Every structure is written in C-alpha cells, then in structure tokens.
Amino acid sequence: MEKLVMLELLRSYYAGKKVFLTGHTGFKGTWMMALLHQLGAEVKGYALAPEDSAPFHNLFSGLNVQSVIADIRNRKQLTEEIASFQPDYVFHLAAQPLVLLSYEIPSETFEVNVVGTANVLEAARQLEKRCNIIVITTDKVYDNKEHHGLYKEEDRLGGYDPYSASKACTELVVDSFRNSFFNVKDILIHRKALASARAGNVIGGGDFSRNRIIPDAAKALLQGKEILVRNPGSVRPWQHVLEPVCGYLLLGTKMTDDPVSFSQAFNFGPQPEDHLTVKELVELAIKTWGSGKMEVSSNGAAMHEANLLKLDISKAAEQLSWKPQLSAPQAIEWSMDWYKTPVEQQAEFTFTQIDNYLRK
Ligand SMILES: NC(=O)c1ccc[n+]([C@@H]2O[C@H](COP(=O)([O-])OP(=O)(O)OC[C@H]3O[C@@H](n4cnc5c(N)ncnc54)[C@H](O)[C@@H]3O)[C@@H](O)[C@H]2O)c1
C-alpha cells in the first residue's frame, strides 16, 4: 500500500471520529495521540500522570485532547468516562509494561494489566452503539521456547516473568469477553468488534523508560557516558514505534468494514532480517550518533528475561496489507535523530516524523 494512500485511508476512517485512548501519557500512547490528532480524530485519553522523568507527553500539552488522569483500576470512573464520551474506537494501551519492574511489583502488574483490561472491556460493553476495541498486548504473550522459529497468532500463550504472564492473561480476558459478550454471532445485537494486537519491542524518540535500551543509550550518549548493556546476545524484534501504531489504526479500519472477520489477534513485528541482537542495535546507535562506547553490565542475568523471540507477521501482511516501512537501521536512525533534537523542537520534529512516515 502506498503511504499517501495510507494517510488518506486513515484520515477517511478517523477524521471526526471519537477515539478513547488509554495510556495516552506513555511513550506509545503519546505517539498515537499525536498521530490521531494529525488524522483529525477527537481523542479522549485516560492514564496516570506522566512521570517527571518521562517528559514526552508534556511536549503536546497544547493539543486539543481531553485528558483524564486516573487509574485504570478505578472501574467506576473509567466506566463514566467511556460512557460520557461514547467512543467509536477504544485503543487500550495503559499498562505496567516493564519486565524488570514486574519482578518488583508482580501483584500490581497483574492488577493493572489484567483487571485493568477487564475494566475497559466491561465499560465498553455498556455502550449501546457500534464500537471497535483494540487491546494492545505484546510479543511476550507467547510461551517462549527460545527457538529460532517465528511465533504465530495461534501459538500457545505463556509467560515466565510477571509482565509476560500478565499480558498472556490479558489475552485470555480478551478471548473470554469476545466469547461471552462480544461474540461475533451476536454482532448485530452488541455491535462491538474486539481484537488484540501483539507488537514486539518498539523504539523511537520520546521513550524515557528505565531499562530500555534506546532510552538508556540516548541518555548515555547525551551525557558522554558508556552505554551499559544487560543482555548483549538477546535477539529481539526491533521496530519504530510508528509501525505498530499505524498497524493498530489499520486494524481499526478493517474492524469497521468487517467486524466479524477482524475480531482476532494480530502480530505486528519487523521483517525477519530486522531481528537484531542488543549488541548489534547498540553498535548501530553509536554509528548513527557518531561516537560512543558500550559496556556489558555485570548484573545482566540477575532476572530472567527472554533472549530469543521472533514474530511471524504474515497474517497482518495478508489480511491487513500491513508491513513495516522502516528497516531496523532506519528505525535506529530515526530514534537517535529525535533524541539529538533540541527539546523546544521535539514536538514539531515528532509531527515531521509522523508526516514523513505516512508519506514515505
Ligand atoms: N514499548 C514497547 O516496546 C512495547 C512493546 C510491546 C508492547 N507494549 C505495550 O504497549 C503499551 C504501551 O507501552 P509504553 O511503552 O507506551 O509504556 P509506558 O510506560 O510509556 O506507558 C504506559 C501508559 O500506561 C499508563 N498506566 C500505567 N499504569 C496505569 C494505571 N494503573 N492506570 C491508568 N493508566 C496507567 C501510564 O500512565 C502510561 O500512560 C503497553 O500495553 C505495553 O505493554 C510496549
């Protein structure tokens, strides 16, 4: 699909539509909010306040977006906010998304990710109108055997660490709601389409999370320090944040046209050649930056983290006509270019990258 067609296609579905976006203060949510704004959608966000250490969202405080700062576990408030907005689309991104933090706060991770999703779906269930709901999970939902094969949507779910397990549970919640309340055979009664989207690790400007390699690398490079790497040999699918975000939006358009066929799970990941080791990724980041050094951290293996995980993206390619537009080296270049941009120009640069992506 030509990119200009993509821009026009997304505009034709989202301009003037009401989009309820959870997690709009986070890394992916802020990109999605900016993109939806550019498409002419009316956005209402629901999330916790952005952390002081993660100033990306605040760059866009001037946008005309309704922002509710509240906890996803507050079912009453969440239900009221969804009911008063009457969305056409719900994109559920709010989560505790960090593997290492999930070892520190496992119960909270399950509460936010699993019960939080049930709260969103229960609130959406009370809408007496058509609505497409897309729940964002992760590639880590698969029972990871650390083999070199590619994971397909029908593969067994699982999760070693609390974060991965919580997201696998999230998929079960989605499946249960799809069977029990949003069953496609009753689509004319409930008028809800429900899908989940499983993306791999994403990179891009604006991510200030702890223990994620590109933010860590950018911070170290800006400060002239060595980049500490935990698991240099881990192979992960790396892609620019705009790839899955556009994939989620594309999935939403398909659900509008054919809610029965597209109420399913979809993988969004890079091409097989863009599965790089952490070491390769950091080397590319240093090359793009023009200077810098890497050091392997001695406490790398303290907590179990999956080392090898590859996604099969043929279903999204065939059914959604979605495919990644940027190679891993390009995604790294786009990310490092963003971090090099002076703070006062970062919002504008984000819109420029969105525009370039949609027209690429
Ligand atoms: N970043 C990645 O590489 C990646 C990869 C795969 C999947 N994901 C998924 O994408 C989604 C967004 O991730 P991200 O990288 O933007 O994370 P992030 O940490 O930057 O943002 C998380 C968002 O969730 C909100 N949130 C957290 N706890 C909440 C609560 N109790 N109540 C209300 N809101 C709450 C935060 O306020 C924030 O807006 C998550 O569901 C994550 O699991 C991310």
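The rules we used
- Residues numbered from 1 in each chain as written.
- Predicted model: local features only at pLDDT ≥ 70, side-chain atom pairs only at ≥ 80, totals over all residues.
- Heavy atoms only, no water.
- Buried < 20%, exposed > 50% of the residue type's maximum accessible area, 1.4 Å probe, protein only.
- Helix = DSSP H or I, 4+ residues; strand = E, 2+ residues; numbered from the N terminus.
- Pairing = 2+ DSSP bridges.
- Right-handed = clockwise from strand over helix to strand, strands pointing away.
- Near = heavy atom within 4 Å.
- Polar contact = N/O pair within 3.5 Å; in protein donor to acceptor, adjacent residues only side chain to side chain.
- Areas by Shrake-Rupley, 256 points an atom, 1.4 Å probe, with all protein chains shown as cover.
- Nonpolar A, V, L, I, M, F, W, Y, C, P; charged D, E, K, R; others polar.
- Contact = heavy atoms within 4.5 Å.
- Salt bridge = Lys/Arg side-chain N within 4 Å of Asp/Glu carboxyl O.

Per an unreviewed UniProt entry, the protein chain goes by CDP-glucose 4,6-dehydratase and derives from Terrimonas ginsenosidimutans.

Q: An account of the pairing of strand β2 (residues 42-47) is requested, with residue identities and associated values reported.
A: Counting buried residues in β2 gives 5 out of 6 residues, a clear majority hidden from the surface. The sheet contact formed by strand β1 (residues 18-22) and β2 spans 5 bridges and is parallel. Paired with V19 across the bridge in β2 is V43. Between β1 and its parallel partner β2, the chain crosses via helix α2 (residues 27-39), and the hand of that crossover is right-handed. Across 4 bridges, β2 lies against strand β3 (residues 66-69) in parallel orientation. For A47, the partnering residue across the bridge sits in β3 and is I69.

Q: Tell me about the site of the ligand, and name the residues and values.
A: Looking at the ligand, there are 27 residues lining it, with T25, F27, I72, Y163 and K167 nearest. In this structure, G26 approaches the ligand through a main-chain N or O atom, which is 3.0 Å from an oxygen atom. Between the ligand and D71 there is a distance of 3.0 Å, counted from a nitrogen atom to a side-chain nitrogen or oxygen. Considered on its own, the ligand offers 830 Å² of accessible surface; in the complex 91% of this is hidden by protein. Breaking the shell around the ligand down by element, the ones donating at least two residues are α2 and α6 (162-180). Here the residues of the shell around the ligand are counted per class, giving 14 nonpolar, 8 polar and 5 charged.

Q: Could you give an account of the pairing of strand β6 (residues 192-199), naming the residues involved and the relevant values?
A: Of all 8 residues that make up β6, 8 are buried, and the element is covered over most of its length. Residues K192, L194, S196 and R198 point to one face of β6 and A193, A195, A197 and A199 to the other, with burial holding for every one of them. Of the strand pairs in this sheet, strand β5 (residues 131-136) and β6 are connected by 6 bridges, and their pairing is parallel. Across the sheet, I133 pairs through a bridge with L194, a residue of β6. One ladder, built from 4 bridges, connects β6 with strand β11 (residues 265-268); its direction is parallel. Among the inter-strand pairings, A197 is bridged to a residue of β11, identified as F266.

Q: Please give an account of the environment of W31 that cites residues and values.
A: Residue placement: W31 occurs in helix α2. Residues W31 and E280, 249 residues apart in the sequence, show an inter-C-alpha distance of 26 Å. For W31, the residues in contact, after removing those within four places along its chain, are F56, G205, H240, V241, L242, W338, T350, Q353 and I354.

Q: Outline the pattern of salt bridges, listing residues and values.
A: Applying the stated criterion across every chain, the model contains 16 salt bridges. Close ionic contact of K152 with D312 constitutes a salt bridge, the shortest N to O distance being 3.0 Å. Of this pair, K152 sits in the loop between β5 and α6 while D312 sits in the loop between β13 (294-296) and α11 (314-320), and the two are 160 residues apart along the sequence. Its salt-bridge partner being K279, residue E283 comes within 3.2 Å of it at the nearest N-O pair. Here E283 and its partner K279 are both found in helix α10 (residues 278-289), 4 residues apart, which amounts to about one turn of the helix. Take E283: its relative accessible area is 37%, and that puts it in the partly exposed class. Residue K279 is classed as partly exposed on the basis of its relative accessible area, which comes to 40%. Salt bridges linked by common partners bring D71, R73, E108 and E111 together as one network.

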